[in-house]
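Reading the structure
What follows is each chain in one-letter form.
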Amino acid sequence: MKQIFLAVVLFSLFVTPSVADEQPVGEKRNDIEIRFNRDIRPLLSDKCFACHGPDSENAAAGLRLDLAEEAIDAGAIVPGEPSESELVERILADDEDLLMPPADSHKELTASERELLVRWIEQGAKYEAHWAYAPMLPRPDGRVAEWIDEFVERQWAAARKGEQQTITPAAPADRVTLIRRLSMDLTGIPPTADEVDAFVCSTSTSAYTDLIDRLLASERFGERMASYWLDLVRYADTVGYHGDQNVTQWAFRDYVINAFNENLPYDQFIREQLAGDLLPSPTKQQLIASGYNRLNQTTEEGGAQAKEYLAIYFADRVRNSSQVFMGSTLGCAQCHDHKYDPFTAKDFYAFGAFFADLDERGVYTGRGARPPVMPLPSPEQQREMDEIHSAIEKAKSDREGLKADLIASIDDWAPVIDEGVDQIWVDDTQRPKRQHQGGWNYVTAEDGHVHVGDKARYQHSDALVQHFVQNASDSIEVNRKTKFFAWVYLDPKNPPSAIMLQYNDGNGWSHRAVWGSDDIVYGHSKEDWDGYHRMGQLPETGKWVRLSVDAIDVGLPAADSNGVRLKSSKVNGMAFTQFGGSAWWDESGWREELPDTIIAAWQTPSAERTPEQLTKLHDYYLASSKQLLDADGRIKKLDGELSAIEKAIPSTVISRSVQPRTIRILPRGNWMDDSGEVVEPAVPEFLGALDVDDRRPTRLDLADWLCRADNPLTARTMVNRLWSLMFGRGICTSVDDFGGQGTYPSNPDLLDALAVEFIESGWDIKHIMRSIAESDTYQLSSVASPDLQELDPYNDLFARQGRFRFDAEFVRDTALAVSGLLVERAGGPSVRPYQPEGYYAQLNFPKRKYVADTNDEQYRRGVYTHWQRTFLHPMLKAFDAPSREECTAQRARSSTPLQSLTLLNDPSFVEAARVFATRVMDEADGDTQSRIHWAYRNAIAHAPDDEIVSLFAELYDRHLTQYRDDPAAAERLLAIGMTPVDESLDPVELAAWTSVTRTILNLHETMMRY
């Protein structure tokens, strides 16, 4: 009875219209072979694999539909016999308890999908290995561009046969469209009107190929390609988590730009990023490239658990590296075997184990400091450092000679027993291994007053202010005879009402001496005590005065728990405090009296001194020698100059290999569960194994495996993305996922041929992009006929070109380039365009205020813009740029009113429009219509039709009248942006033309690639 029922249902499927097509299947599709990879796998992956897929441990009823043998053995599929197949019975069941997929899965099959499964089983239920993991088919011989067209045309022919319709591809694009398309695809910058005219008018047979070569050779190419690659590897200028502090890694961005411009072979590009530090004698650029491994988000939150965040960083790297280089979602196997692909949880952790040797911390400190880092001195900085190093070496050599001369004359020396020697503790530089707080505002004699050396510290306020040092590793040992001192110069025109010296003995700051009024509240009491010892009136103003404080007067050495004063204690902090006014502070320290041991050694005849006495006497004698102190001062000054240069040198994060951490499988991804199996580095098991004998595999082994000619994923993934950049969609539309949840390539043979060509060309990116650009397919118009649009709405057949909006950075680049503002300087620290006031108000740890650049950095390309992960620049965000917290292989493309508002009101675009309007008035000849024609062509390349010119002329006239009636409004408009207004131009007319150019820069045509 069941078989009769199924037969009736199956008969009805083949003689009634399907939901999707509304045509009898027998008239249209029965003669077409059903392909598992193209037709069935995507359906099963979407509707069935969550319960009956690769995750064997959680397969419902033990049934796996991804494996032919298991599905057939279980009786779910009987090849050639739909009526005998349990799968067919279940998908056609009327009983909800039997229906598959079950109703609560919300994965209901459509009538056409049920029909497809039935017909596939009827045709023999032939399984295929997943296309992305199967070996690549060989490429044809001949010129690449020609066989690209041949593969595409075969698809047209197949579609004609299947659809029984005529497929007419779009016509070739006109030359104006072609040069603008190619310029945007290869450089992200539109062509100038002169470049368009030269190309359009050229009669050379090589004009088009010459254009391709010129654009590929441009430095703009690397900047354009880097914008995409930085999305993939989630490059940013901030750490991401918690306070999202700044981190210096722009050198990696510059490395990527240079790598694309130099056409670095892609396999080497991969090796240098994954394992640049492991290459033999790595170069500076290869170490910079290894910073790829450190681009993940990190934290320095106080309550964060280091072990938890190491697990987070681990998972992030697996997700990113597998997606960037393999187009795979291995990250989905973190908690269990992958639901849709043959990746196991063990594969996930074994893959991540390649990165277990990275020197990193779970929780960082230091406001964006992310060691290990590598300094990046400029050639000028390196020259200066080399010169200073040489000077230091000479100064040290001279000092040794002076030291020998002094020791030879020690018998002529007589110490001053009663006076002691000053020991300088605070001077012209901030010494290492100390915490410096408050405003250490160093000034020179040109800017203020200096007592000794080159600098003093200027301090000014209308109220309480101080700067101080604490937790110094070179603490002062204080005894009962110690005298502290500090030099101060009080401004005679605006002296403080009170000044204070404070000392920290490790137990707090309760050791203070104060001069002047009682305005300073620290330790204030009516009666003097150790924490508020009044020293009398303010020192004399207008001159340098030495403040002197007996340690015992401020409670030092400190007393023990019984109140008995200790013989000595240590001071590790000193504060310089004032209330109001202005003061200059200079050298501070303590006076050390001559120790009894030195007196005894000096009084002992030289022939009778012990070695210990001789050493102590020499050390003290040398320490008190003015000549030696001067020599030390010279060395110290040079060290300070060197330190200042080193502090100004930027650095970048790099990879450093250390002893690898033990990596375990974390059950259910739980970082606290250490019960899982220990794993060693390995590639996914179903993709093979590494031949490394008995040694532990490294990141370099992983990179080498990725770049093997027989790796089915790496080349396919990259050429698909390159195709996507040139068409707006990949051959496989899921450019981020080649797995079961991804899409089947619309032209798999073409994808394989390009991948093989990529490998055999030496992984030559420019060669692939040149070949695509030379194809007739690339040169088609993006205008589709209504029939083609209906037949192929997603352009699977590539019978036309794509049309899409520029990426966010190129939207801004276009406005700057058209206006003439664009500054094309390569590399360097990230730049900060105008941004709304207060946008960073919610950023903490530390609080930050965005400061836009006030020089020509303001007009650099978008690829150089500061990338704040949690507060991405509003213009970039409006145009769908990602935060770069995760890998982004393809940006969303929206069209929103906010984008138009941004183009009309963002100061960058208003200023660009005003400067563009200045160009219109200066460079365009003729009447209003002629100028509109000139402006339109310079922005869009195509000439406007008469209706467009008429509309813009109307706009110009209307705004000219408006600004004549309200010249103040014109002035306000022209004041936006820091580029000076051309005073020779009529401001009212310039404002009216600015309205025209603002509108042109807002046009759909300006921001679209056709």
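Scoring rules and cut-offs
- Residues numbered from 1 in each chain as written.
- Predicted model: local features only at pLDDT ≥ 70, side-chain atom pairs only at ≥ 80, totals over all residues.
- Heavy atoms only, no water.
- Helix = DSSP H or I, 4+ residues; strand = E, 2+ residues; numbered from the N terminus.
- Buried < 20%, exposed > 50% of the residue type's maximum accessible area, 1.4 Å probe, protein only.
- Phe/Tyr/Trp six-rings, centres within 6.5 Å; stacked < 30°, edge-to-face > 60°.
- Lys NZ or Arg CZ within 6 Å of the ring centre and 35° of its normal.
- Contact = heavy atoms within 4.5 Å.
- pLDDT = per-residue confidence, 0-100.
- Domains from an automatic or database assignment.
- Buried area = accessible area lost by both parts, 1.4 Å probe.
- Salt bridge = Lys/Arg side-chain N within 4 Å of Asp/Glu carboxyl O.
- Polar contact = N/O pair within 3.5 Å; in protein donor to acceptor, adjacent residues only side chain to side chain.
- Nonpolar A, V, L, I, M, F, W, Y, C, P; charged D, E, K, R; others polar.

Points about the environment of Ala369
Inspection of the secondary structure puts Ala369 in the loop between helix H17 (345–352) and strand S1 (373–375). Residue Ala369 is classed as partly exposed on the basis of its relative accessible area, which comes to 34%. Spatially, the C-alpha atoms of Ala369 and Pro280 are 28 Å apart, while their sequence positions differ by 89 residues.

With respect to the packing of aromatic side chains
For the structure on display, the rule yields 45 aromatic pairs. Ring geometry for Phe343 and Phe686: centres 5.3 Å apart, planes at 65°, overall edge-to-face. With Phe343 in the loop between helix H16 (306–326) and H17 and Phe686 in the loop between strand S16 (678–679) and helix H22 (699–706), the pair connects residues that are 343 residues apart, well separated along the chain. Centre to centre, the rings of Trp723 and Phe727 are 4.3 Å apart; their planes meet at 10°, and the pair counts as stacked. A residue pair is termed a helical-turn pair when its members lie 3 or 4 positions apart in one helix, as Trp723 and Phe727 do in helix H23 (residues 714–727) at four residues. By relative accessible area, which is 1% here, Phe727 ends up buried. Lying over the aromatic face of Tyr778, Arg181 brings its terminal NZ or CZ to 5.7 Å of the ring centre. The ring of Phe485 carries the charged tip of Arg546 above its face, separated from the ring centre by 4.1 Å.

Structural notes on the environment of Ala60
Take Ala60: it is sitting in the loop between helix H4 (49–52) and helix H5 (68–73). Ala60 gets classed as partly exposed once you look at its relative accessible area, which sits at 31%. Separated by 10 residues in sequence, Ala60 and Ala50 have C-alpha atoms that sit 9.2 Å apart. Dropping the residues within four chain positions of it, Ala60 is found in contact with Cys51 and His52.

A look at the confidence of the model for the protein
Summarising the model, the protein shows a mean pLDDT of 93, and 96% of its residues fall at 70 or more. In this model residues 1–29 is a low-confidence stretch, pLDDT under 50, and it forms 41 contacts with partners more than four residues away in sequence or in other chains.

Examining the domain arrangement of the protein
Its domain assignment divides the protein into domain 1 (36–128), domain 2 (131–169 + 711–802), domain 3 (173–217), domain 4 (377–417 + 594–648), domain 5 (421–593) and domain 6 (905–1009). Across the boundary between the two partners, domain 3 contributes 10 residues, which contact 10 residues of domain 6. Summing both partners gives a buried area of about 810 Å² for domain 3 against domain 6, and 43% of it is carried by carbon and sulfur. Of all residues in domain 3, Val176, Arg180 and Ala193 bury the most surface against domain 6, accounting for 55% of the area lost on that side. Counting the contacts that link domain 3 with domain 6 gives two salt bridges. Residues Arg937 and Asp197 are paired through a salt bridge, measuring 2.7 Å at the closest nitrogen-oxygen approach. Run the count over domain 3 and domain 6 and you get seven residue pairs in polar contact (both at pLDDT 80 or more). If you list the elements that add at least two residues to the side of domain 3 that touches domain 6, you get helix H9 (175–187) and helix H10 (193–201). Looking at the side of domain 3 that touches domain 6, its residues break down into four nonpolar, one polar and five charged.

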